[in-house]
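# Residue-level structure breakdown
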Amino acid sequence: LAAAGVPALAVKGLAVGAWLYPDPVLREHLDVDLLAPAAAAETVGRVLGDHGYAPAPQPPLYPGERPATIDYRRVDGGWHIDVAYDPLRLFWLPADDGTALFDGWWARRQLVAVGGCELPTLGPADQFAHLARHLQFHDYFRVNSFLDLLLLLRDHGSGIDWEAVGGEARGLGIGGGLYRTLEL
């Protein structure tokens, strides 16, 4: 994707395992999760298609609605790649299609070593918001997501600007969910 000019961030399983866990194999994952700007969806589909991936069937969408996530699968049965365009599950993206939100994440990104490669992933504050929102979306039933958050807070919680996280969350209308995650 980088070669096609698409900024993409690796998140959840693979990236979190390599960054926060003492051994990446301790963080199970069944796919590779990426965040990409919504404006790049066609390019992402073309690039992944060129590498043998096809989008999995999706439920019908309303006119003008875009999917929050597209699951790409290899026809030979290899790894799935889930590309999120609305990772905070806002469902109705801001007027700029979430571009400013993604640009902020990209500006605050960090690199994590995975298999001898440096992959961009979310910075600690953005990683917290993403993991907390993901856990909320799954009704707080994912134990691995709780562990991800615990490791993130243990290792990086003191460096997170909680006022900024809270302000952005309130502005996006997701402040209650992030607070609930911390409360749990």
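A brief report on the enclosed structure follows. A quick note: this is a predicted structure, and the numbers were derived from the prediction, not measured.

Across its full length, the chain holds 7 helices and 7 strands. Helices and strands appear in the chain in the N-to-C order β-α-β-α-β-β-β-α-β-β-α-α-α-α. At 16 Å, the chain has a C-alpha radius of gyration in line with the 16 Å of a compact globule built from 184 residues. Taken along its principal axes, the extent of the C-alpha atoms in the chain is 45 × 40 × 30 Å. Taking all 184 residues of the chain together, the buried fraction comes to 42%. For the chain, the share of sequence-separated contacts (at least 6 apart) that also reach a separation of at least 24 residues comes to 60%. Put simply, the chain shows about 10,000 Å² of open surface, and 59% of that area lies on carbon and sulfur atoms. One way to put it: in the chain the 14 positive side-chain charges average out to a point 2 Å from where the 23 negative ones average out.

Looking at where D33 falls in the secondary structure, it is placed in strand β2 (residues 31-35). For D33, a relative accessible area of 9% corresponds to the buried category. The residues touching D33, leaving out its near neighbours within four places in the chain, are L9, A10, V11, K12 and D82.

Turning next to the packing of aromatic side chains. All chains considered together, the criterion is met by 3 aromatic pairs. Seen in terms of ring centroids, F102 and W106 are 6.3 Å apart; in terms of plane orientation they differ by 15 degrees. Their pairing is stacked. Of this pair, F102 and W106 are both found in helix α3 (residues 99-107), 4 residues apart, which corresponds to roughly one turn of the helix. Given a relative accessible area of 3%, F102 falls into the buried group. Relative accessible area serves as the criterion here: at 26%, W106 is assigned to the partly exposed category. With centroids separated by 5.1 Å and ring planes inclined at 80 degrees, the aromatic side chains of F128 and W162 adopt a geometry described as edge-to-face. Pair noted here: F128 is in helix α4 (residues 124-137) and W162 is in helix α6 (residues 162-172), with a separation of 34 residues, a long-range link. An aromatic cluster is present here, built from F102, W105 and W106 joined pairwise through their rings. Sitting above the plane of the Y53 ring, R74 keeps its charged end 5.4 Å from the centroid.

Moving on, we get to α4. Helix length check: α4, at 14 residues, gives a terminal C-alpha distance of 20 Å against a target of 20 Å (1.5 Å per residue), a fit within 8%. The element α4 is extensively covered by neighbouring structure, given that 10 of its 14 residues are classed as buried.

In this section: the pattern of salt bridges. Inspection of every chain in the model, using the stated rule, returns 7 salt bridges. In this structure, the salt-bridge partner of D33 is K12, at a minimum N-O distance of 3.5 Å. Here D33, found in strand β2, pairs with K12, found in helix α1 (residues 12-20); they are 21 residues apart in sequence, far enough to count as distant. For the residue pair D33 and K12, the accessibility class agrees, reading buried in each case. Between R74 and D76 there is a salt bridge, with the nearest N and O atoms lying 3.0 Å from each other.

The rules we used
- Residues numbered from 1 in each chain as written.
- Predicted model: local features only at pLDDT ≥ 70, side-chain atom pairs only at ≥ 80, totals over all residues.
- Heavy atoms only, no water.
- Helix = DSSP H or I, 4+ residues; strand = E, 2+ residues; numbered from the N terminus.
- Rg over C-alpha atoms; globule rule 2.2 N^0.38 Å.
- Buried < 20%, exposed > 50% of the residue type's maximum accessible area, 1.4 Å probe, protein only.
- Contact = heavy atoms within 4.5 Å.
- Areas by Shrake-Rupley, 256 points an atom, 1.4 Å probe, with all protein chains shown as cover.
- Lys, Arg positive; Asp, Glu negative; His and termini not counted.
- Charge placed at Lys NZ, Arg CZ, Asp CG, Glu CD.
- Phe/Tyr/Trp six-rings, centres within 6.5 Å; stacked < 30°, edge-to-face > 60°.
- Lys NZ or Arg CZ within 6 Å of the ring centre and 35° of its normal.
- Expected span 1.5 Å × (residues − 1).
- Salt bridge = Lys/Arg side-chain N within 4 Å of Asp/Glu carboxyl O.

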